[in-house]
Amino acid sequence: MSNVRYWPVLPAAGVGSRMKADRPKQYLSLQGRYLMDHTLERMLSYPLFERAVVVLSDEDPYWSASEFAGDSRVIRAPGGSERCYSVLNGLAALEGVAQDEDWVVVHDVARPCLRHSDLDQLFHELQDPGAILAVPTRDTMKRGHHSGEGSVIDHTVDRTQLWHALTPQVFRYGQLQQALTQCLDDGFEVTDEASAIEHCGQSPLLVEGRSDNIKVTRPEDLALAEFFLSRS
Ligand SMILES: Nc1ccn([C@@H]2O[C@H](COP(=O)(O)OP(=O)(O)OP(=O)(O)O)[C@@H](O)[C@H]2O)c(=O)n1
Ligand SMILES: C[C@](O)(CO)[C@H](O)COP(=O)(O)O
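You'll find the chain entered in an unreviewed UniProt entry as 2-C-methyl-D-erythritol 4-phosphate cytidylyltransferase, with Thalassolituus marinus given as the organism. We quote the UniProt Catalytic activity (unreviewed entry) comment for the chain here in full: "2-C-methyl-D-erythritol 4-phosphate + CTP + H(+) = 4-CDP-2-C-methyl-D-erythritol + diphosphate". According to its UniProt record, the chain has this under Pathway (unreviewed entry): "Isoprenoid biosynthesis; isopentenyl diphosphate biosynthesis via DXP pathway; isopentenyl diphosphate from 1-deoxy-D-xylulose 5-phosphate: step 2/6."

Here it is, written out as structure tokens:
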């Protein structure tokens, strides 16, 4: 009987600059609730997850009004200057609690529309060295370069086996901590956890997920997230 456990780590210490709002986007309202409270509810209601690490900015004045502020299942960790540092701080909060062979489930709080069916599929397919939810690209993809005030096309990128990486991204606790530390020591500030595992020579699994698992990033994403939440 495996006694491996699953530890959600939810980076929530961003400033949301691309959203251009009066507060970090995770604290904007969706259906009358904090955006991130939707994400926390989806994660903490999933049967495999007993507790979750939430990584918060030290200067965060909004968290105290979260529905989960007093929830004993939440382990808090301090944010970092970039997402990768925030995730590493989240892993550090599990030291002495998580075992190296436990699975860490890193999920952006900015992705509130994640469905349990995607989590089911992710864990059904999960194998070492780890796995991420991803969506195959649908559009023709271009590589560009800056020219004058804008950008021009260099060439069209073959989109066969081209994927949008999403979250959750799931890796062994010990391996992810080691890989992220190695990356940062090498001056490589990764934008996702899979990049760190790849940097160490491993090839995580791509698990096809739903394209409505959007990362709320720009103003136009809010209405889309509201619509997707209303359907799930
Ligand atoms: N230093 C950081 C930066 C980001 N994040 C988190 O990582 C997730 C994905 O990052 P992103 O969408 O880029 O959020 P922001 O960095 O806040 O957005 P922006 O880049 O527009 O400022 C978000 O849940 C965000 O809160 C974090 O915990 N710590
Ligand atoms: C982790 C991620 O959501 C996968 O697409 C993405 O890399 C986060 O990037 P961001 O620049 O921090 O939004």
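Asks: So, the packing of aromatic side chains: which residues are in play, and what are the values?
Replies: When we look at a pair of aromatic rings, we describe it by the centre distance and by the angle of the planes. One pass over the structure, following the stated rule, counts 7 aromatic pairs. Plain terms: the ring middles of Tyr27 and Tyr34 are 4.8 Å apart, the flat faces sit at 75 degrees to each other, and that makes the pair edge-to-face. Like Tyr34, Tyr27 is buried. Note on Tyr46 and Phe49: the rings are 5.1 Å apart at their centroids and 50 degrees apart in plane angle, and the pair reads as tilted.

Asks: So what about the pattern of salt bridges? Which residues, and what values?
Replies: For the structure shown, the criterion picks out 11 salt bridges. For Arg111, the salt bridge goes to Asp108, with nearest N and O atoms at 3.1 Å. Assessed through its relative accessible area of 7%, Arg111 is described here as buried. Of the residues examined, Asp108 reaches a relative accessible area of 8% and is grouped as buried. It is possible to trace a salt-bridge network through shared partners that takes in Arg83, Asp108, Arg111 and Glu193.

Asks: So what about the UniProt feature "site: Transition state stabilizer" (unreviewed entry) in the chain? Which residues, and what values?
Replies: Mapped onto the present numbering, the UniProt feature "site: Transition state stabilizer" (unreviewed entry) falls on Arg18 and Lys25. Those annotated residues lining the largest pocket are, specifically, Arg18 and Lys25. Structurally, Arg18 can be placed in the loop between β1 (6-12) and β2 (29-30). With a relative accessible area of 52%, Arg18 lands in the exposed category. Excluding residues within four positions of it along the chain, Arg18 makes contact with Lys215, Thr217, Arg218 and Pro219. Here Lys25 lies in the loop between β1 and β2.

Criteria and cut-off values
Residues numbered from 1 in each chain as written. Chains lettered and ligands numbered in written order. Predicted model: local features only at pLDDT ≥ 70, side-chain atom pairs only at ≥ 80, totals over all residues. Heavy atoms only, no water. UniProt positions renumbered as here; feature names shortened; annotations may be inferred. Phe/Tyr/Trp six-rings, centres within 6.5 Å; stacked < 30°, edge-to-face > 60°. Buried < 20%, exposed > 50% of the residue type's maximum accessible area, 1.4 Å probe, protein only. Salt bridge = Lys/Arg side-chain N within 4 Å of Asp/Glu carboxyl O. 1 Å grid on protein atoms, 1.4 Å probe; cavity = no way out; pocket = protein on both sides within 12 Å on 5 of 7 lines; lining within 4 Å. Helix = DSSP H or I, 4+ residues; strand = E, 2+ residues; numbered from the N terminus. Contact = heavy atoms within 4.5 Å.

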